[in-house]
Amino acid sequence: MKLKTTYHGRKVIVDYAFATDLYEDLDGVIITYKDTGEELDYDAIEYDEEMERIRQEAYADDLGNKIDYAMMGD
């Protein structure tokens with residue numbers, strides 16, 4: 001699953017299909033700059049407020065998708 005958002009003002013695509021636990025961290029998440037296609041190496045940069053915001057957005061999006069999927073099953 002993918003989420004479109006920004007990272008320090010640049011548009012990024014957050015692919016969290018292989019995330020291990022978005023509640024805790026960004027393990028397994030791939031963040032790509034939309035304009036260049038370059039993958040963000042967030043292991044090489046400091047975890048900051050922007051990274052935390054992205055984690056929260058992806059977690060909320062994932063939770064929302066799971067709720068939507070569960071409701072379709074009723």
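Cut-offs applied
Residues numbered from 1 in each chain as written. Predicted model: local features only at pLDDT ≥ 70, side-chain atom pairs only at ≥ 80, totals over all residues. Heavy atoms only, no water. Phe/Tyr/Trp six-rings, centres within 6.5 Å; stacked < 30°, edge-to-face > 60°. Lys NZ or Arg CZ within 6 Å of the ring centre and 35° of its normal. Helix = DSSP H or I, 4+ residues; strand = E, 2+ residues; numbered from the N terminus. Polar contact = N/O pair within 3.5 Å; in protein donor to acceptor, adjacent residues only side chain to side chain. Contact = heavy atoms within 4.5 Å. Core = buried A, V, L, I, M, F, W, Y, C linked by side-chain atoms within 4.5 Å. Buried < 20%, exposed > 50% of the residue type's maximum accessible area, 1.4 Å probe, protein only. Pairing = 2+ DSSP bridges. pLDDT = per-residue confidence, 0-100. Patch = residues over 30% accessible without salt bridge, like charges linked within 9 Å, V, L, I, M, F, W, Y side chains within 5 Å. Areas by Shrake-Rupley, 256 points an atom, 1.4 Å probe, with all protein chains shown as cover. Salt bridge = Lys/Arg side-chain N within 4 Å of Asp/Glu carboxyl O. Expected span 1.5 Å × (residues − 1).

### Considering the packing of aromatic side chains
Then, number 1: The tally for this structure, following the rule as stated, stands at 1 aromatic pair.
Then, number 2: The ring of Y33 carries the charged tip of R10 above its face, separated from the ring centre by 3.7 Å.

### Some remarks on the side chain of T5
Then, number 1: As for its placement among the helices and strands, T5 is situated in strand β1 (residues 2-7).
Then, number 2: Separated by 2.7 Å, the side chains of T5 and E57 make a polar contact.
Then, number 3: Beyond its immediate chain neighbours, meaning those up to four positions away, T5 contacts R10, K11, V12, V14, R53, I54 and E57.

### Digging into the nonpolar core
One broad trend across soluble globular proteins is that nonpolar side chains are buried collectively.
Then, number 1: Core analysis: the largest hydrophobic core is formed by 15 residues, its most contacted members being Y7, V14, V29, I31 and M51.
Then, number 2: Ranked by residues supplied to this core, first place goes to helix α1 (residues 49-72) with 3 residues.
Then, number 3: Not counting chain neighbours up to four residues away, the residues in contact with I31 comprise V12, I13, V14, E38, E39, L40, Y42, M51 and I54.

### Regarding the pairing of β1
Then, number 1: Here β1 shows a clear split, with L3, T5 and Y7 buried on one side and none of K2, K4 and T6 buried on the other.
Then, number 2: Bridging between β1 and strand β2 (residues 10-15) involves 6 bridges; their strand directions are antiparallel. Paired with K2 across the strands is D15, a residue of β2.
Then, number 3: Two successive antiparallel strands, β1 and β2, enclose a turn made up of 2 residues, where H8 displays a positive phi of approximately 50°.

### Considering the confidence of the model for the protein
Then, number 1: On average, the protein scores 91 in pLDDT, and the residues at 70 or more come to 97%.
Then, number 2: Mean pLDDT per element in the protein: α1 is the minimum at 90, and β2 is the maximum at 97.

### Considerations on a nonpolar patch on the surface
Then, number 1: Nonpolar side chains collect at one region of the surface, where L63, I67 and M71 lie side by side and expose about 290 Å² of accessible area between them.
Then, number 2: Structurally, L63 is set in helix α1.

### Focus on α1
Then, number 1: Across its 24 residues, α1 extends 34 Å between first and last C-alpha, which sits within 8% of the 34 Å expected from 1.5 Å per residue.
Then, number 2: Every buried residue belonging to α1 is among M51, I54, R55, A58 and D62, and all of these are buried.
Then, number 3: The inward-facing, buried residues of α1 abut β1, β2 and β3 (30-33).
Then, number 4: Between a side-chain oxygen at the N-terminus of α1 and the backbone nitrogen of E50 the separation is 3.2 Å; the capping residue is D48.

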